[in-house]
Amino acid sequence: MPETMLCGVTLKNPVIAASGTFGFGAEYGRLFDVSKLGAICTKGLTLHPREGNPGMRVWETPAGMMNSIGLQNPGIPAFLEHELPRMRTMGTAIIANVGGGDLEEYVEGVRLLSEAESIDIIELNISCPNVHEGGMAFGIKANVAAGVVAAVRRVCRKPLMVKLSPNAENIADMAVACERAGADAVSLVNAFNALAIDIHARKPVFDNVTAGLSGPAIKPIALRMVWEAAHAVRIPVVGIGGITTWQDAVEFLMAGATAVQVGTATFVKPTAMLDIVDGLERYCAAEPLTRL
Amino acid sequence: MTSPSPAYIEEALVLAQDRLTNDVYRLTVEATTGGSPGQFYMVRAWDREPLLARPISIHDADEGTISLLYQVRGRGTELLARLHKGDTVALMGPLGNGFTMENLHGRVGIVTGGIGIAPMFYLASTLPARSATVIAGFKSTPYAVAALLSLGVEVYVATEDGCEGTRGFCTDIFDPAAFDVVVTCGPTPMMARVAQLCAQAGVPCQASLEAHMACGIGACLGCTFPTTSGYKRVCADGPVFDAAEVIWHA
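It should be emphasised that the depicted structure is a prediction, and the values quoted were computed from it without experimental measurement.

Asker: I keep staring at the nonpolar core and nothing clicks. Help me out?
Answerer: In a soluble, globular protein the nonpolar side chains are often hidden away together inside. The biggest cluster of nonpolar side chains holds 132 residues, and the ones touching the most others in it are Leu124, Ile126, Leu164, Cys178 and Leu188 of chain A. Mapped onto the domain boundaries, this core takes at least three residues apiece from domain 1 (8-95) and domain 2 (101-245) of chain B. Sequence-distant contacts of Leu164 of chain A, that is, excluding residues within four places in its chain, are made with Ile126, Ser127, Ile171, Met174, Ala175, Cys178, Val186, Ser187, Leu188, Val189 and Asn190 of chain A.

Below is the structure:
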């Protein structure tokens, strides 16, 4: 498998565990060798601990699933103390995903994570659809996103990747705005804002009403967005959205992605990412390609 | 409690599929991964749809086989019910904490509602002979009772339609004072009532919760339940909780 260079960081391969689907690596580490992955994105971190959302949190849909976790996490200081030391022994690159309720929380969170030696890349989450006061609010308007990215850039001493929302007004404009504000890469897309209604209870399934849709159902739309973003910016684009097979991954790479993130597919088959890595290797050997 | 690491078995051979009632089945598969009473497996027997595997508790296990008792509720369990001997299923497990066996001593009361009886055969067969009493509630025709009786376990049945046993709920015929410790599994309102009765009687109670799950292994935080110490993951921190810690009416 050709190595992949992402923002100056060498990854073993271009297959990355997506934030929120892989915890801090330990759970799936009990099941397979996570050092075979290109990188792991942490569960979304915020400066202060968050309890997460009440009520139903996951809901299956045709070819997809909805989630409303609400950024449940132990807070960045606890992550640095308890989770990061264990993560650094896992033998793969670490991408710290960081969210926030307001600008100050983003800046202080990124500043703290920047000081941690074993973090390779910071992924700025301006796209979480499941927290009220912030998250996705920063990911819809390009000028608002640019403000957050610029503020965070000033304190960030790591490569900075911005995770974009598919709910952005215009995905290409959003990618360009983040690039101009100092992003070293963009990753897209996060979950689509979506709705499910319990017809027997006659109310929305989720306490938050809407929730994020992921999985194969969103793949063709995500692929189109990655294509648009990749044509608009010069910085690397990391493709995310329903990638389940190695063929899906090749499509995203051909659309202009430097690497891919895999999330929901891991729930379908825990070793899906290893299958994708193997498939990409075989594809490169057969075509033949020396790099993707 | 540290349990052995779970395994992922892409193709476990189906050894038997037994239909117990109209919509309750017992699937027996070849697997050496075992588990302890109260643990579960993520089970999948289809290609693309539905998307997610289904969490199903261990009904019985030995060195070479695992059996799963399940009720057909939706598309996933409907597809499981179509499996025949010789087919294969994907399994991930054993998962979750299981019952805290070291706290189950003296007279153990096992209170179940519907398919909540599923993990209790394995539990009762692991407990000392004649220490367990099962109080099982069903909507209608009971199931999985004969196997418990064959272990020498006392079983009291309540049915909502009165077709067998006492007409009503299992909680109508359950007296916590008769037990040193109680174990329960079933619909949440039923377990909440069992927990309340146990708390009033000062009898410790372990409750095995059910939830929609995505990962099944503790990574996605999708199956949390509120407890007195915050949200806990049903799949990884549970499925068995001290009933006094669970916030039943959140």
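Asker: Help me out: how do you make sense of the interface of chain B and chain A in this one?
Answerer: Where the parts come together, the accessible area they lose is often given as the size of the interface. If you look at the interface, chain B gives 29 residues, while chain A gives 32 residues. Both sides of the chain B and chain A interface together cover about 2600 Å² of buried area, and 60% of this is carbon and sulfur. Of all residues in chain B, Leu51, Leu221 and Tyr231 of chain B bury the most surface against chain A, accounting for 26% of the area lost on that side. At the surface where chain B touches chain A, the tally comes to three salt bridges. Glu60 of chain A serves as the salt-bridge partner of Arg54 of chain B, at 2.6 Å between the closest nitrogen and oxygen. For the pair chain B and chain A, the number of links is eight residue pairs in polar contact (both at pLDDT 80 or more). Going through the elements one at a time, β1 (7-19) and β14 (230-233) of chain B are the ones with two or more residues in the side of chain B that touches chain A. Residues of the side of chain B that touches chain A, tallied by class, amount to 16 nonpolar, seven polar and six charged.

Asker: Looking at this structure, how should I read the layout of surface pockets?
Answerer: To find leftover empty space, a probe the size of one water molecule is rolled over the atoms. By volume, the second largest pocket amounts to about 780 Å³. As for the second largest pocket, its lining consists of 35 residues, of which Glu27 of chain A together with Gly218, Arg233, Ala236 and Asp237 of chain B are closest to the centre. Residue assignment for the lining of the second largest pocket shows that the elements contributing at least two residues are α1 (26-29) and α2 (76-87) of chain A together with β6 (88-95) and β14 of chain B. Counting residues per element, the lining of the second largest pocket draws most heavily on β14 of chain B, at four residues. Looking at the lining of the second largest pocket residue by residue, the classes come out as 13 nonpolar, 12 polar and 10 charged. Structurally, the lining of the second largest pocket is a two-domain feature, drawing no fewer than three residues from each of domain 1 (8-95) and domain 2 (101-245) of chain B.

Rules used in this analysis
Residues numbered from 1 in each chain as written. Chains lettered and ligands numbered in written order. Predicted model: local features only at pLDDT ≥ 70, side-chain atom pairs only at ≥ 80, totals over all residues. Heavy atoms only, no water. Core = buried A, V, L, I, M, F, W, Y, C linked by side-chain atoms within 4.5 Å. Buried < 20%, exposed > 50% of the residue type's maximum accessible area, 1.4 Å probe, protein only. Domains from an automatic or database assignment. Contact = heavy atoms within 4.5 Å. Buried area = accessible area lost by both parts, 1.4 Å probe. Salt bridge = Lys/Arg side-chain N within 4 Å of Asp/Glu carboxyl O. Polar contact = N/O pair within 3.5 Å; in protein donor to acceptor, adjacent residues only side chain to side chain. Helix = DSSP H or I, 4+ residues; strand = E, 2+ residues; numbered from the N terminus. Nonpolar A, V, L, I, M, F, W, Y, C, P; charged D, E, K, R; others polar. 1 Å grid on protein atoms, 1.4 Å probe; cavity = no way out; pocket = protein on both sides within 12 Å on 5 of 7 lines; lining within 4 Å. Points joined across faces, edges and corners; volume = space filled by probe spheres on them.

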